[in-house]
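Residues per chain, in single letters:
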Amino acid sequence: MASYRVALAGNPNTGKSTLFNALTGLRQHTGNWAGKTVLRAEGQYEFEQQSYTVIDLPGTYSLFSNSTDEEVARDYIIFDKPDVTLVVLDATALERNMNLALQVMEMTSNVVLCINLMDEARRLGISIDAPKLADKLGVPVVKISARSKEGIHELLKVIHQVAAGVLKPTPRAITYSPEIEQKIQEIVPEIKNAFGNAYPSRWIALRLIEGDDSIWNALEKYTSVEDRKDWVLDGQSSLHY
Ligand SMILES: Nc1nc2c(ncn2[C@@H]2O[C@H](COP(=O)(O)OP(=O)(O)O)[C@@H](O)[C@H]2O)c(=O)[nH]1
Ligand SMILES: [Mg+2]
């Protein structure tokens, strides 16, 4: 059976590498992302007779295209479509970390939130109600301490359930101002027309509204000419807001 792919996303210093090592041990190799000087670490593990490939995405504070790191992480989530995107959050700075989590939740439904550094949080007297958070956000939330491997088994179980489609997260969409929501409603059908459901149309609509032109380059790079037929026939300008 093919390996499921799990992408690790998170702010810098949230313990992504520590978790990556805890999951994959010595079964890892590093290289560069195609055409970039950004380090790419990939590793393997097995759970319930199923093989998993873990991809450690560059640590970033957001997933727009302000830097090569952000672009690499963004493109992997949107175009390579991992089976699970695992967002690693720092339990002691949850509010700041939530920004990235919410962005990932706009990009894909296959999300698991992993709140790391729980040992540190406990030491600081911070308690986190994971079930309540999961309920509010519509995605699974698992608390861990990557360094001591606390909570890893539970995390592997949840990843397994999401990858196998047994557990289907339903990320709660952020509602923007009526003006923006109106624009989204206008643009989304056109995106669906051009790409079907291949990419997260609401997320693409938001990028176009923002005037993020880099998304065009990315779509051009990752879609086949065949995919782009309708888009090209319709004229790119009709999708330019
Ligand atoms: N107390 C504690 N420290 C951790 C834990 N996980 C990672 N760290 C530490 O946090 C720092 C950043 O970890 P690292 O894995 O490099 O983070 P990355 O930048 O997200 O890859 C390191 O000093 C780790 O030892 C944890 O569960 N508990
Ligand atoms: Mg790291």
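In case you missed it, the structure is sitting above this.
Residues numbered from 1 in each chain as written. Chains lettered and ligands numbered in written order. Predicted model: local features only at pLDDT ≥ 70, side-chain atom pairs only at ≥ 80, totals over all residues. Heavy atoms only, no water.

A.B. asks: Would you mind going over the sheet that holds strand β2 (residues 28-32) in detail, with residue names and values included?
C.D. replies: The seven strands are arranged β2-β3-β4-β1-β5-β6-β7 in an open sheet whose pairing can be described as mixed. The open sheet terminates on both sides in strands that have one partner only, identified here as β2 and β7 (141-143). Pairs of neighbouring strands in the sheet enclose a mean axial angle of 25°, with direction left out of account. Bridge count for β2 against strand β3 (residues 39-47) is five bridges, and the pairing is antiparallel. Residue pairing in the sheet places T30 in a bridge with A41 of β3. Most of the contacts of helix α1 (residues 16-24) go to β3, to which it runs at about 40°, and overall it touches β1 (4-10), β2, β3, β4 (50-56), β5 (84-90) and β6 (111-116). Sitting on the sheet, helix α3 (residues 94-107) is in contact with β1, β5 and β6, with an inclination near 170° to β5. (Pairing = 2+ DSSP bridges. Helix = DSSP H or I, 4+ residues; strand = E, 2+ residues; numbered from the N terminus. Axes fitted to C-alpha atoms, helices over the stretch in contact; angles between N-to-C directions. Contact = heavy atoms within 4.5 Å.)

A.B. asks: I'd like a rundown of the layout of surface pockets, residues and numbers included.
C.D. replies: In this model, the largest pocket occupies a volume close to 370 Å³. What lines the largest pocket is a set of 19 residues, and nearest its centre among them are E106, M107, T108, S109 and P200. Contributing elements (two or more residues each) for the lining of the largest pocket: α2 (68-80), α3 and α8 (201-210). Among the elements that line the lining of the largest pocket, the one with the most residues is α3, at three residues. When its residues are assigned to classes, the lining of the largest pocket shows eleven nonpolar, four polar and four charged. Two domains each put at least three residues into the lining of the largest pocket: domain 1 (4-163) and domain 2 (178-239). By volume, the second largest pocket is sized at about 230 Å³. Along the wall of the second largest pocket there are 16 residues; nearest its centre are T14, G15, T18, N116 and L117. Elements represented by at least two residues in the lining of the second largest pocket include exactly α1 and α4 (118-123). Per-element accounting of the lining of the second largest pocket gives the leading share, three residues, to α1. (1 Å grid on protein atoms, 1.4 Å probe; cavity = no way out; pocket = protein on both sides within 12 Å on 5 of 7 lines; lining within 4 Å. Points joined across faces, edges and corners; volume = space filled by probe spheres on them. Nonpolar A, V, L, I, M, F, W, Y, C, P; charged D, E, K, R; others polar. Domains from an automatic or database assignment.)

Everything listed here is a matter of geometry and, on its own, says nothing about what the molecule does.
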